[in-house]
Amino acid sequence: MAFEIPGSYVWDFWFAWHEETIHLFFLTAPRTIDHADLRHPNARIGHATSQDLMNWKYEGIVLAPSAPPYWDDGTTWTGSVVKRPDGKWMMFYTGTMLSEERKYQRIGAAVSDDLFVWVKLGTGPLLEIDPDIYETYDVTRWHDQAFRDPWVYPDPAGRGWRMIFTAREKDGHPGGSGVIGQASSPDLLVWKVEKPLFRIGYYGEMEVPQIFELDGWWYCLFSNASRYMEPTYLATRKTGAETGTHYIRSRSPSGPFELVEDSFFGGDPVGRFYGGRFLRTRAGTPVFMAFLNHSADGIFVGEISDPLPIW
């Protein structure tokens, strides 16, 4: 059975295993809003738990926008969770401001002892965009300043921590300027924004990235909608207009990464699966989960899929 909350939409998600329990965190908003696209400014971060990735217990809302004026008083959007060396949990998330019409994205964090109760860290974001590396807000090029969806993980080389995120480069066709950005930190608190992990010029945005290792390859998942592809590429790609979860791969976590083929890993013209994630079951079996995006008639679904086997 897919994970759903009656009366609410559920979409982008991330997770943390602790002992025998998987903790699922996700964006959610009421279905009472006029149109499914209006869920974005109404998003909150919800929490659910499971022992088998199939049967879920909804635990409620854990993070919401702050009272204005504050750096995240507009939205609390997609992120990731890691366990710090001191045993506390840290959730990185995306925030925007009402005074900026939610156009400028920043990355901040919250801390928890038990994954249930979260306290926002500090009085401001941990990371802001570096305008020397990434595109800032320019309404003639794109609808927002893309600096979101932080995925944090231990540096495979043992030098602290790394983060990848959704961003855009300053040059090139606006419809193909999406990149996967990256940053590094020795302690999860002080971050250095670095040049992109991957750029190719095909996508306007490369959303909700996740990096992982499987069978000697390093993979990076990302999602993209066909309406946000560079027009020339969209017109010539073999598989036509698809929406869904894609991937790049490399033999090294630092790259260079390659786009293996045009075909999406989990995509189709309707765009049924989006924001896909790799994770392992309690037994260590690799599986794939995504949020259920559109039904056959194009209506937004707003649930999370059952785990699907991958290889």
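Right above here is the structure, for reference.
Residues numbered from 1 in each chain as written. Predicted model: local features only at pLDDT ≥ 70, side-chain atom pairs only at ≥ 80, totals over all residues. Heavy atoms only, no water.

A. How the structure looks around the sheet that holds strand 6 (residues 89-96). Reading across the sheet, the 4 strands line up as 5-6-7-8 and stay open at both edges, with antiparallel pairing between neighbours. Looking at strand neighbours, the two that pair on one side only are strand 5 (75-83) and strand 8 (119-120), the edges of this open sheet. Note that strand 6 and strand 7 (residues 106-112) share 7 bridges and pair antiparallel. When the bridges of strand 7 are listed, Thr94 appears paired with Ile107. (Pairing = 2+ DSSP bridges. Helix = DSSP H or I, 4+ residues; strand = E, 2+ residues; numbered from the N terminus.)

B. Spotlight on the side chain of Glu303. Relative to the elements of secondary structure, Glu303 occurs in strand 20 (residues 300-304). One buried charged residue, Glu303, remains without a salt bridge, the closest side chain of opposite sign being Arg31 at 4.7 Å. (Buried < 20%, exposed > 50% of the residue type's maximum accessible area, 1.4 Å probe, protein only. Lys, Arg positive; Asp, Glu negative; His and termini not counted. Salt bridge = Lys/Arg side-chain N within 4 Å of Asp/Glu carboxyl O.)

C. Local environment of the pairing of strand 18 (residues 273-280). The buried count for strand 18 comes to 6 of 8 residues, which makes it a mostly enclosed element. Across 6 bridges, the pairing between strand 18 and strand 19 (residues 286-294) is antiparallel. Paired with Tyr274 across the two strands is Phe291, which belongs to strand 19. Connecting strand 18 to the next strand, strand 19, in antiparallel fashion are 5 residues, including Gly284 with a positive phi near 95°.

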